[in-house]
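Residue-level structure breakdown
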Amino acid sequence: MIVIGTDTHKATHTGGAVDAATGRALAELTARARTGGFEELLMWARTLAPERVWAIEDCRQVSGAFERFLVKRGERTVRIAPKHMAGARKSARERGKSDSIDAFAIARAALREGIETLPTAHLDERALEIRLLCDHREDLVSDRSDDQQRLRWHLHDLWPELEIPAGALDRDKWLAKVSARLARAEQGARVRIARELVRQIKERTRKVRALERELEQLVCAYAPQLLAERGCGPLTAAKLVGEIAGAERFGSDAKLARAGGVAPIPASSGATNRHRLDRGGNRQLNAALHRLAVNKGNHCPESAAYLARKQAEGKSRKEALRCFKRFLARRAWKLLRAPSSTDPDPLSTKVEQPISVVALT
């Protein structure tokens, strides 16, 4: 078997094939990052060995088209997180940096991590659509926040005595008040800019709300069992679906937990036996699990009781939430692998039995 590491860029993709048993470099090829180039790389790989695995550094928009091309054609493809490559490049015996060097480094990193342990690229167009809409909504919210900050400064310069509560500029009532006051003011440059900002905020708010309604419908059709979880709203569910991108990619809940950075990392040495927090992994997935943990702690009595018990054992609130997030990764993995599941939330019955975690420091 061979492993083909692929270094992806906007203009070109470079493939480096290595022997799976020895890691020895066999061949390399650079092709244009277009459909014709994808076909060229695939035909080249098929001439090298009948059994092969593609290892692609997960660069989202840059690597996504080639990854989908391979999966549609039945090629086995695994994703390499960028964090795995940072250390691989530093420890490589070959000095310097080039597309060829990086391609072989990606293939060897896949062998070092273990092909079976890496998340498999999985073609799930519905999950991809949800993720894209989530990302677009977050971009709109970020742009709206920038507009709101600029509007606040202009209003403060115009009327220092005007106090606008935090979050008020998300509401139609306050935007109408500000708009009416600006309409009555002398129409100088600052007032005109402020009125334009109000219009932009209103338009972005309308788009954000429309996206939220669309996401709720998509998630309800894709994973209604996830929405049925107490404390899991449409946006959190959409984020989980989009970032997990097919629970079938992960052979176990432990692999999903590791990918999301919610599994503790061993940090033992000699007689010291301890674990530490994982600050790596998919931070967007980690944030979604954190929101779910906080919401369930606030709205689910069984979850609140579990967190209270962990804190009574001497853990801080953050440490208790970390333990809870590891369990929620297992719960999300099971729910998304079985769309028709109607199993009750384990926290509604017994908490301690399904959870096995270690203390974090």
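For every chain, the first residue of its written sequence is number 1, and the numbers climb from 1 along that sequence. With the structure being a predicted model, the display of local features is reserved for residues of pLDDT at least 70 and the display and counting of side-chain atom pairs for 80 or more, all residues being used for whole-chain, interface and lining totals. Heavy atoms throughout the structure, all of them, feed into the side-chain values; hydrogens and water do not.

1. Focus: the sheet that holds strand β2 (residues 12–19)
Strand pairing is assigned whenever DSSP identifies at least 2 bridges connecting the two strands. A helix here means a DSSP run of H or I that spans at least four residues, while a strand means a run of E at least two residues long, and both kinds are numbered starting from the N terminus. Spatially, 5 strands are ordered β3-β2-β1-β4-β5 in an open sheet, and the strand pairing comes out mixed. Looking at the sheet topology across the chains shown, the edges are occupied by β3 (25–32) and β5 (77–80). Adjacent strand axes in the sheet meet at a mean angle of 25°, parallel and antiparallel pairs treated alike. With 4 bridges connecting them, strand β4 (residues 52–57) and β5 associate as parallel partners. Counted as the bridge partner of W54 is T77 from β5. Angular values range over 0 to 180 degrees, each being the angle between N-to-C directions of two axes fitted as lines to C-alpha atoms, with helices fitted over their stretch in contact.

2. Here's the deal with the nonpolar core
Definition of nonpolar core: a set of buried residues of the types Ala, Val, Leu, Ile, Met, Phe, Trp, Tyr and Cys, connected through side-chain atoms within 4.5 Å. Remark: exposure states derive from per-residue accessible area (1.4 Å probe, protein chains only) relative to the maximum for the residue type, with buried under 20%, exposed over 50%, and partly exposed in between. Counting residues in hydrophobic clusters, the biggest one holds 42 residues, and the most contacted among them are L226, L240, V241, I244 and L336. Elements with a contribution of two residues or more to this core: α5 (125–158), α7 (189–222), α9 (234–244), α10 (253–259), α11 (283–299), α12 (301–312) and α13 (317–337). Considering each element in turn, this core owes the most residues, 11 residues, to α13. Contact partners of V241, with chain neighbours within four places excluded, come to A127, I130, Y222, A223, L226 and L336. Of all hydrophobic cores here, the second largest spans 17 residues; its members include L42, A45, F66 and L70. By definition in these notes, contact holds between two residues if any of their heavy atoms fall within 4.5 Å.

3. Describing the side chain of R131
Summarising the element assignment, R131 is placed in helix α5. D135 is the oppositely charged side chain nearest to the buried, salt-bridge-free R131, at an N-O distance of 4.3 Å. Among residues more than four places away in sequence, those in contact with R131 are R60, G242 and E243. The charge count treats Lys and Arg as positive and Asp and Glu as negative. His and the chain ends do not count. Put simply, a salt bridge is a Lys or Arg side-chain nitrogen that is within 4 Å of an Asp or Glu carboxyl oxygen.

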